[in-house]
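# A closer look at the structure
In case you want the letters, here they are:
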2 protein chains.
Amino acid sequence: MNVEPQSLEALIGEFASLPGVGQKTARRLAYHILSQSKSDVQRFAENLINASTKVHPCPCCHAFTEDEICNTCRDRSGAKSICVVEKSSDIIPFERSGIYKGLYFVLGGTISPLDGIGPEHLHLPQLVSRIKEEGIEELVLALGSSTEADSTALMIDRLLQGVPVKRTRLARGIPMGSDLEFVDEVTMLRAFEGRVSL
Amino acid sequence: MNVEPQSLEALIGEFASLPGVGQKTARRLAYHILSQSKSDVQRFAENLINASTKVHPCPCCHAFTEDEICNTCRDRSGAKSICVVEKSSDIIPFERSGIYKGLYFVLGGTISPLDGIGPEHLHLPQLVSRIKEEGIEELVLALGSSTEADSTALMIDRLLQGVPVKRTRLARGIPMGSDLEFVDEVTMLRAFEGRVSL
């Protein structure tokens, strides 16, 4: 016999559709919701809809924003460096570290023929025209370290041939606090290749 | 600079308030929501509110239901056995196994003085009167195997003194598919004590 009410089943289904949430976790979350006050659940539902309707990509850099243009594009207009990331949430660690004070640009993905993502799916023309129009002096590539990221970097490099902009990418090596014993081969290879004088 | 829109932050907060969901997972889920269509998010929000407003405890057994009384209380009225569980979701494995065709009763917790849960917080009087009124012949205790569960079982046993109802509890032992090497001491103790002839 089906002992779960239909609306509870529907809610379990919603949670189970979230990334990394399996059927068991979804059920646990749905039962948790039932233990919450109606006003708390109402607020959760409103926050879902609010985020979904108010947040949109910034027309200049494609980072998520609620405003006409995003905070960084507005407050750092005139900055001469632009940091290219794959997705909006990749901006957070930069701002948390406080090391970077320039502009950002969200590419919307990396070139991945296997997943059907070609250069035409990324905001490449907009990146190039922004670099030219705003006289950007340094482009910092921060695309992670997959083969997809590497081919995307190559494509950007090709598109910018003849444009007087310095191109850099983030250093690759051993992350802070990691135990050398557990460092993977590729990271070790890159850390060794990129070794610097003391 | 805070690069996350306020409504996105609010949504991250909602996800982070769910049990077992940390800040990082909450952020991942919130960004996932932004990638969904507005109609999908609208449906999620509606399912949240639906579950929260429609689902309530069955007045007879305290299992969650959308109807006036729950499916099992309605369809198995007249059954002579009642299975006592701690919370509504504990009913699911019984129904999944199909081994049990009787009634259920959700106690609403187990006696736990440290958490301030005394016998008065559980639906004990209602359980006793239901057993008496409906002429229940067997009470199956399925309260897990903590000390709290044991003292709750003891309390139920005391409350039912003089009532002609057979009292049983689920067998304790080695679960299916488990590697003996990794069985904990208490489970092994109980499995050995409860050994049966071949």
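Below, the structure is looked at part by part. (Residues numbered from 1 in each chain as written. Chains lettered and ligands numbered in written order. Predicted model: local features only at pLDDT ≥ 70, side-chain atom pairs only at ≥ 80, totals over all residues. Heavy atoms only, no water.)

### Points about the sheet that holds strand β6 (residues 166-169) of chain A
All names here are of chain A. Reading across from one edge, β4-β3-β5-β6 is the order of the 4 strands in this open sheet, with parallel pairing throughout. Of all the strands in the sheet, just β4 (103-106) and β6 have a single pairing partner and so form its edges. Neighbour to neighbour, the strand axes of the sheet diverge by 25 degrees on average, direction disregarded. Each of β3 (81-85), β4 and β5 (138-142) touches helix α6 (residues 124-133); the most contacted strand, β4, lies at about 160 degrees to it. (Pairing = 2+ DSSP bridges. Helix = DSSP H or I, 4+ residues; strand = E, 2+ residues; numbered from the N terminus. Axes fitted to C-alpha atoms, helices over the stretch in contact; angles between N-to-C directions. Contact = heavy atoms within 4.5 Å.)

### A few points about the relation of the copies chain B and chain A
Overlaying chain B with chain A gives an RMSD of 0.1 Å, the required rotation being 179 degrees about an axis along which the chain moves by 0.0 Å. With respect to symmetry, the two chain copies, as superposed, fit the operation of a two-fold axis. Taking C-alpha positions as the reference, the residue of chain B nearest the rotation axis is B:Ala45, at 2.2 Å. Interface residue correspondence from chain B to chain A reaches 100%, placing this contact among same-surface, isologous pairings. (Least-squares fit on C-alpha atoms with pLDDT ≥ 70 in both.)

### Description of the pairing of strand β3 (residues 81-85) of chain B
Residues and elements named next belong to chain B. In terms of burial, β3 is largely enclosed, as 5 of its 5 residues are buried. Residues Ser 81, Cys 83 and Val 85 line one face of β3 and the alternating positions Ile 82 and Val 84 line the opposite face, and both faces are buried. When β3 meets strand β5 (residues 138-142), the two strands line up parallel, connected through 5 bridges. In the strand pairing of β5, Ser 81 is matched with Glu 138. Two strands pair when backbone bridges link them, and β3 and strand β4 (residues 103-106) are joined in this way by 4 bridges, in the parallel orientation. What sits directly across from Val 84, in β4, is Phe 105. Handedness of the β3-helix α5 (residues 91-97)-β4 crossover: right-handed. (Buried < 20%, exposed > 50% of the residue type's maximum accessible area, 1.4 Å probe, protein only. Right-handed = clockwise from strand over helix to strand, strands pointing away.)

### Points about unusual backbone geometry
Residues and elements named next belong to chain A. Its identity is not glycine, yet His 62 carries a phi of approximately 70 degrees, on the positive side. With respect to the helices and strands, the residue His 62 is situated in the loop between β1 (56-57) and β2 (64-65). Look at His 62 and you get buried, because its relative accessible area is 16%.

### Observations regarding the interface of chain B and chain A
Facing the 52 residues of chain B at the interface are 52 residues of chain A. If you sort the residues of chain B by the area they bury against chain A, B:Met1, B:Glu14 and B:Leu48 come out on top, with a joint share of 15%. Counting the contacts that link chain B with chain A gives 2 salt bridges. When the shortest N-O distance is used, the salt bridge between A:Glu14 and B:Arg43 registers 2.7 Å. The interface formed by chain B and chain A holds 8 residue pairs in polar contact (both at pLDDT 80 or more) in total. Taken together, the elements giving at least two residues each to the side of chain B that touches chain A come down to α1 (6-16), α2 (23-34), α3 (38-54), β2 (64-65), α4 (71-75) and α5 of chain B. For the side of chain B that touches chain A, the per-class residue count stands at 24 nonpolar, 16 polar and 12 charged. (Buried area = accessible area lost by both parts, 1.4 Å probe. Salt bridge = Lys/Arg side-chain N within 4 Å of Asp/Glu carboxyl O. Polar contact = N/O pair within 3.5 Å; in protein donor to acceptor, adjacent residues only side chain to side chain. Nonpolar A, V, L, I, M, F, W, Y, C, P; charged D, E, K, R; others polar.)

### Considerations on the state of the cysteines
Residues and elements named next belong to chain A. Per the counting criterion, the structure on display carries 0 disulfides over all chains. Here Cys 58 stays free of any disulfide, with the sulfur of Cys 61 as its closest cysteine sulfur at 3.8 Å. Unpaired in this structure, Cys 61 has its nearest cysteine sulfur neighbour in Cys 70, at a distance of 3.6 Å. (Disulfide = S-S within 2.5 Å.)

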